[in-house]
Amino acid sequence: MDSWTKMKHSFSFCIFFVVLSHHGTKSFEQATAEGDIIIGGLFPIHESVNVTVNYDGSENQICDRCCYSLSLMMVQALEEINQKQELGNLTLGYLILDSCGDVTTSLRKIPSFMRGNCNTSAQQSSPVLAVIGGYYSEIAIAVTRLLNLEYIPEISYGATSGLLSDKTRFPSFMRTVPQDDHQARAISEILDNNGWTWVGVLTTDGEYARYITERLWYYTNQKGICFAFTSVLPDNLNDYLLGKSIESTVKTIIDNENVSVIVSFAKPDHMTYIFQKLLNDPQGTRRIWLASDIWSQSPEILNTKKHTLSDIGTIIGITFKSGNTTKLKRYLDDLDENPNHHNNNPFLSTFLKQHGSTSSEKLKTMIYPSAVFSIELAVKAIAQAIEDLCTDRDCKTKRPSPLELRGALWKAKFNMDEKNYSFDPHGDLNTEYDIVLWKQTSESLDVNDIVAHYSILQNSLTFISQETKHGNVTSRCTDSCQPGYSKTSVSGQPHCCYQCEPCAENTFSNTTDSEKCNPCEKNYYSLKGSSKCLPRKIDFLKWGDVYLIVLLSFTSLGAVLTIVVGIIFLAHWNTPVVRSSVGPISILLLLSLMITFASVILFGGQPNSYQCQARQVVFGLSFTLCVSCIMVKSFKIVLAFEFDPVIQSVLKKLYKPYLIIAVCMAGQVVIVTTWLIHSPPTADSEITQKNMKLMFCNEKLIPAFGAMLAYIGLLALICFGVAFKGRKLPDSYNDAKFITFAMLIYFISWIVFGPVYVNVTDKYIPAVEMVVILISAYGILFCQFFTKCYIILCKKEANTEKSFRWDIRNYSRDHKGSEDELSSKGIENPTLSLSLESFPNSQFSDSITDWNAVMKK
C-alpha cells in the first residue's frame, strides 16, 4: 500500500471516529493521569445504561449501578510500577472510560483512545498504545475490531468467548483469562463428579453466553449429561422483552421440579431479577446454582437485608484465578477521601461525594479477587513489553507505536507472584480456575471461599474442601439404576431419561447406571437382577450321595455273592449239581457277572472322558458274555431233552459252546469298536434349572448305544425262546425255568429303563442305568446259581447220583412212548445222552447205563 493510499485510508477512519464520537452525545467522563506512555482502560464502572430519545432524535444515556473497583485495580497497578520505577525514567499514564456494560456505549467512547492518532494537535500528545478491557465478550469483540484499525492491542481481563481466539479475525486481541471452552469443561467436571445428569441452563443471546453454552453442551453430552431446559434471556438489560423472558424462565424453573441444578451464564442483573421471583418458591432451598465467572463474585444480586442465601439454595461459582487483594485494600485504606483531590477521576470523585468517610470500606466490598489477578497481570504484560521495546531506545523521545507494542506483547514473558506467564499463539493466557462456594455470614455474603481448583493443563479438579460435593442432592431425569440393572433408552426422550431393566439370568452389572449387563464368565452364574456372578456348583452323582452309597452297597454285595458262589462251585466241582450246570461255562458266567458288577462303579463320581467310554464298553462286553454263556447252557439242555431227533442230530454237530460264545462276543466287539472310533462318549456339561453345572457322560452316537443294548436284547430273546421250550425238564435239570425267569427280569427292567432314562434330566441319570444293570445281574445270579447253592449246601441228599437217577427215571416213565418210538428207530435215549455228556465220570456213567438197561426190560 503506497503512502497516499495509507493517508487516505487513515483520514477516512478519522472522519468516521469524529462523527461517531460526537453524534448525539455530550462529552464523556474519563479518568486520566499523565505519563510518558498512556494505557487505555475500558471498565463497566456503571453496569447498565438507560437510553432515552429526545424529541429531536438525539439520545440521552444514563448509566446506573456503580462498580468503581475494577478501574481502581488498574490505577493501583500502574501507580505501583511508577513508584517502583520498574521502567526506569518512563512513567505510565492512563485514560479510563466507562463502558456501562453496553456495546453501543463502548463504541461511542472508543474513538477517545484513538483520537491522538488522528489529531495532530497538542491536545493529546501521548497516544494510547494499549487498552485494558472490556469485561464482556460482546463488548470486546466490537471494540477490538475498531482498535485494530490502528493496531492498538486490547488485553481483556474478563472476555472469555472462544471466538476471540481466532487471530485471523481478531489479531490485536489478547486476554489474561482462559477462554470459555475451558470453563465449560470445568463445569462439566463438577456436574459429573456429583452425578448431576439432568440440569437446567440459563443463558443470553450474547456472544459469550452462546459460545459457552454450545461448548458446555458438547462436553456434557460426552459425559451423559443432558439439558432439561435452556432459557435464553436478552443480553441487553434494556430490551423490552426482558421482563417477559424473566417471567418465562422463572416458570420453567418452577415447573421442572426434578431439576435441582441450574447452570447460569446470565449477567448479575439477570440473576437479581430471577432470584427476586424465586424467593417465595418452596423448592428453592434445595436448588444448586452453578455460577459462571460473569456473576460468581457478585454478592449484590441478593438483598441480604431481606433474605438469606438459604432462600435460593446453594451457589457454586467458577472464577478466574484469584489474586492477592492485600495491596489493593491497603491502597484503598490510604485513599484520600476528599473528592476535590480527585478531579482527574470524576468517577471516583462522585463516589467519594456520595459515601463520604465510608468510601474506602464501601469500595472494599466491590473487590473481585479474580479481577485483581487478571487486571494486574494485564498491566504487568504491558509493562514488560514496553521494557523490552525500550531496552535499546529512548522511549521518551521516540515512543513505540501500537503495532510495535503488539508485537512485543506476543513475545513478552512476564512474572507475577513468582510465576512466569506468556501469551499462547491464540493470545490466551491459560491460568487455573478457582471454585468458590457462597456462604452466608451474619451481615453479608462471602463469595470468595475457594473450595477447589481446576487445572486447565491436566483437565482435573483438585478439592480443597468436600463442600462442593453434594451427594445428597440429586438432579436426574430418572433415578439411578442400581447394580443389577442396566439403562434402557426410552423412545422420544433424551438419553438421560431411561428405564432401568433388571439384568437377565447369567448377566450382571456391578455399577450404578450401568449401560449394559455383562455376561458371567464360564462356570459362573447369576439370577435375574444380580449385581455379581456366583461360582456354579458342579453337580454329579457324588460318592457321598445316599443313592450312590445304596447302589454301591448292592454292587458290593453282588460282587461278594458272585465270589461266594464261585467258591461253592469250585469246592463242589464234581457233584451232580455243578456238573449238570456245565461247570466251566458257569464259572465263565460268574466271571462275566463279576465284571458286570464292577462296571456299575464306573457310573458314579465326576465323569471324565475315559470313564465315560469305559463304563459302557465294560458293561456291554461283560453282559454280552453273560448272556452268551446262558444261551449256550439253554441250547445244551434243550438239545438233550426237547428237540426233534433229526434237528437234534444236526444241532449236535453245530453245538460248539466256546465258538458260539466267541461269535456272540465278536458281534458286540464290532459295535463298541465302531462307536469308540466314530464318536466315542465324552464328559460333557449343561446348565440346570437350578443354575448348577451338571456333569454327565454324553453318549454322542446314540444309535451305537442303542445297537449295543439291542444286541444284548437279541441274545437274551434267543435265550428266552430256547429256555422256554425246556421249561418242563426234570427237577434236577431246572436251568431252563430259571433262565426264562432271568430273561423276563432282564426284559422288564430294560423296557422300564428306556422311558425313565429319557425323562430323567439331573445327576441321577447314571443311577437309572446302574439300577437296571444291578437288577439284570441279580436276576441272573439268583435264578442261575442260588437254587443250586441251596441244594449244594442245604439239600445234600438231592446232590447225589441216586437222586438224579430217580429224576431221570420218573421223567422217562412220563415220556415212555416217545422213548420206545425212538428206540425202534435205533436212536439213543436222549436222557442217556444227556447223562453221559453231563457226567463224564466213568463210575457215574456206568451206573446210568445199567439203569437204562433195566428200563428197557
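Once a new chain begins, its residue numbering starts again from 1 and follows that chain's sequence as written. Local features in this predicted model are restricted to residues of pLDDT 70 or higher, and side-chain atom pairs are both shown and tallied only at a pLDDT of 80 or more, whereas totals for entire chains, interfaces and linings draw on every residue. The side-chain values count all of the structure's non-hydrogen atoms but skip hydrogen atoms and water molecules.

Draft legend 1. Representation of the UniProt feature "transmembrane region" (unreviewed entry) in the chain in the model. Here, UniProt's "transmembrane region" (unreviewed entry) annotation points to residues 546–573, 585–605, 617–638, 658–677, 701–724, 736–758 and 764–786. As annotated, residues 585–605 comprises 81% helix and 0% strand, and the C-alpha atoms at either end are separated by 34 Å. Secondary structure content for residues 764–786 is 96% helix and 0% strand, and the end C-alpha separation is 31 Å. UniProt positions are given in the numbering used here, feature names are shortened, and annotations may be inferred rather than shown by experiment. Each helix is a run of DSSP H or I of at least 4 residues and each strand a run of E of at least 2, with the numbering of both proceeding from the N terminus.

Draft legend 2. Layout of the pairing of strand β13 (residues 314–320). Using a 1.4 Å probe on the protein chains alone, a residue whose accessible area is under 20% of its type maximum counts as buried, one over 50% counts as exposed, and one in between counts as partly exposed. For β13, a buried count of six out of seven residues is recorded, marking the element as mostly surrounded by other parts of the structure. In the sheet, strand β12 (residues 288–291) pairs with β13 via four bridges, with the strands oriented parallel. Across the sheet, the residue bridging to I288 is T314, located in β13. Pairing between β13 and strand β16 (residues 433–437): five bridges, direction antiparallel. By the bridge assignment, T319 is partnered in β16 with D434. Strand pairing is assigned whenever DSSP detects at least two bridges linking the two strands.

Draft legend 3. Main features of the packing of aromatic side chains. Side-chain rings of Phe, Tyr and Trp (the six-membered ring for Trp) are treated as a pair once their centres are within 6.5 Å; stacked means planes under 30 degrees apart, edge-to-face means over 60, and tilted covers the remaining angles. Counted under the stated rule, the structure contains 26 aromatic pairs. For the ring pair F275 and W295, a centre distance of 6.0 Å and an interplane angle of 70° mean the geometry is edge-to-face. Separated by 20 residues along the polypeptide, F275 in helix α9 (residues 268–278) and W295 in the loop between β12 and β13 bring together distant segments of the chain. Aromatic ring contacts, followed pair by pair, group F619, F623, F720, Y746, F747, W750 and F753 into a single cluster. A ring is scored as having a charge over it whenever the NZ atom of a lysine or the CZ atom of an arginine sits within 6 Å of its centre and within 35 degrees of its normal. For R215, the ring lying beneath its charged end belongs to Y218, and the centroid distance is 4.7 Å. Positioned above the aromatic ring of F373 is the side chain of K321, whose terminal nitrogen or guanidinium carbon lies 5.9 Å from the ring centre.

Draft legend 4. Examining the pattern of salt bridges more closely. By convention in these notes, a salt bridge is any Lys or Arg side-chain nitrogen within 4 Å of a carboxyl oxygen on Asp or Glu. Scanning the model with the defined rule gives 23 salt bridges in all. The residue D235 makes a salt bridge to K267 at a minimum N-O spacing of 3.5 Å. Highlighted residues: D235 in the loop between β10 (226–233) and α8 (242–255) and K267 in the loop between β11 (261–264) and α9, separated in sequence by 32 residues. Of the two residues examined, D235 and K267, each falls in the buried class. Of the charged contacts, one joins K542 and D539 as a salt bridge, the two residues approaching to 3.8 Å between their closest N and O atoms. Judged by relative accessible area, K542 falls into the partly exposed class, the value being 34%. Residue D539 is classed as buried on the basis of its relative accessible area of 11%.

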